[in-house]
Amino acid sequence: MGVDSVQLKWVSWRRAVVVLLVVGVVAVAVTSSALWVGQSGAMHEVPLDGALRDVPRCLVGRNHAGGDASVSVGERFRKSVGRLLGDCGRYKSPATQVHLLMLSQLVGGSSGFRVPVPSVVLEPLLNEEAAIEFFGESVVSQHIGGWAFHSGSRAIVGESHSYQVVAALSDWAKGRATSVFVGGRAVPLSGFARHALNSAGALDSDLEWQMLVVMRWAKRGVAWRNKFNELVSLDSCMTKLLDRADEAESSPSMVRVSCAGTHILQALVSLSLMDEESPFLGGVIRERLAATLERWLSKVIQGQEEDGRWSVGWLVDREAPGGVEARLVADVLVTGHLLEAVLLLGEVGLDACVSKGVVWLGDVMAADSVRSLGSICPRTHALRVVLTR
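Summarised in this report is the structure supplied together with it. (Residues numbered from 1 in each chain as written. Predicted model: local features only at pLDDT ≥ 70, side-chain atom pairs only at ≥ 80, totals over all residues. Heavy atoms only, no water.)

## What to know about the sheet that holds strand E7 (residues 231-233)
And step 1. The strand order E1-E6-E7 describes an open sheet built from 3 strands, whose pairing is mixed. Where the open sheet ends on each side, the last strands, each with one partner, are strand E1 (44-45) and E7.
And step 2. Strand direction decides the pairing type here: strand E6 (residues 222-225) and E7, joined by 3 bridges, are antiparallel. Residue pairing across strands places Arg225 opposite Leu231, the latter belonging to E7. (Pairing = 2+ DSSP bridges. Helix = DSSP H or I, 4+ residues; strand = E, 2+ residues; numbered from the N terminus.)

## Overview of the packing of helix H7 (residues 234-248) against helix H9 (residues 262-277)
And step 1. Following both chains from N to C, one finds H7 and H9 inclined at 140°, their axes separated by 10 Å at the closest point. As far as their axial angle goes, H9 and H7 are oblique. The chirality of how H7 crosses H9 is left-handed. Of the residues in H9, those touching H7 at Met238, Leu241, Leu242, Arg244, Ala245 and Ala248 are Ile264, Ala267, Leu268 and Leu271.
And step 2. Of the residues in the contact of H7 with H9, the class split is 9 nonpolar, no polar and 1 charged. (Axes fitted to C-alpha atoms, helices over the stretch in contact; angles between N-to-C directions. Parallel < 35°, antiparallel > 145°, perpendicular 65-115°, else oblique. Left-handed = near helix turned anticlockwise from the far one by under 90°. Contact = heavy atoms within 4.5 Å. Nonpolar A, V, L, I, M, F, W, Y, C, P; charged D, E, K, R; others polar.)

## A look at the packing of aromatic side chains
And step 1. Across all of its chains, the model carries 1 aromatic pair by this definition.
And step 2. On the numbers, 5.9 Å between centres and 70° between planes, the contact of Trp296 with Trp314 is edge-to-face. Highlighted residues: Trp296 in helix H10 (residues 283-303) and Trp314 in the loop between H10 and helix H11 (324-345), separated in sequence by 18 residues. When sorted by exposure, Trp296 lands in the same class as Trp314, which is buried. (Phe/Tyr/Trp six-rings, centres within 6.5 Å; stacked < 30°, edge-to-face > 60°. Buried < 20%, exposed > 50% of the residue type's maximum accessible area, 1.4 Å probe, protein only.)

## Quick notes on unusual backbone geometry
Trans is the common state for peptide bonds, and a negative phi is the common state for residues other than glycine.
And step 1. At Asn229, a residue that is not glycine, the phi angle is positive and equals roughly 65°.
And step 2. Following the sequence through the fold, Asn229 ends up in the loop between E6 and E7.

By themselves these figures say nothing about function.
Printed below as a string of structure tokens:
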């Protein structure tokens, strides 16, 4: 055998080894990735835009309050409704305007009320001629990852939940492609949803609402990279929310940034109903969600006070705000939010608990006892409960 022949065989053998090593490394990487994102079965990585649905998933609760249906406002609540509509009309932050939209759609058919035109204008839901006021450029910002709302210095609702605005507008879109008028031009609502997907996984005070946007807009069976270059999916996002729920049960500081934990319960309820109507979660995550929700509903029953209200310490021991008015505002906030979540879920076993809470809340709202401008959020959710119950 000649020298050239020996060298040729050596080169061929070395190339074969290199090829085998490369294939092995790739196989290990692919397998590791599949194991990480494979809790829901087959899943593949897609670009950010490839993970975004054309229209949002709809949330239809078993006992859904609000929506397009208006209710008749009796004499008992006319003073509270009129005062709240007036307060909402004075402030143009996105969070305040979404609360106005919640209430105006509910009482819009009632005679005798001057309902301010919300600054939020959804193209399919309100015609363009009704759009007297629009969002100014000062309350929205455009990023590489999409559009985002922010309240700036004009925030009047206690916490500035920018993703709550997107989640609420997504529900009102009712599964349709929707635009929001911003500074005189139409911006697709999906542009705001894209921002949520691009930020998915960030732990901040807006996490519950961010997850509700992600769960409405992200496709199932795919993973995408957020702005931190982390690979995320519906299941991984849901895991973060469930971890947050576990932590909140023993952490007063965690509860403080989610309206006394009520937003976490609202998110758990909403996501459970969405998955029930059109499954998108993996089996393991679905079971964990069900167990967590059952545990939290037990705490709702246990945390109710004798007169029917819930306080900020319903979930975990926490000192109530000082002062009679501050305590009342906090109790209206917690009671209204919890009742909205329970009514949306429609749990028959909670009827007695709900009835007791609605009576207390109705008495407070009928007396028009809560009037501070910082109570726009508590009053809105409270009135939505008592007017639709």
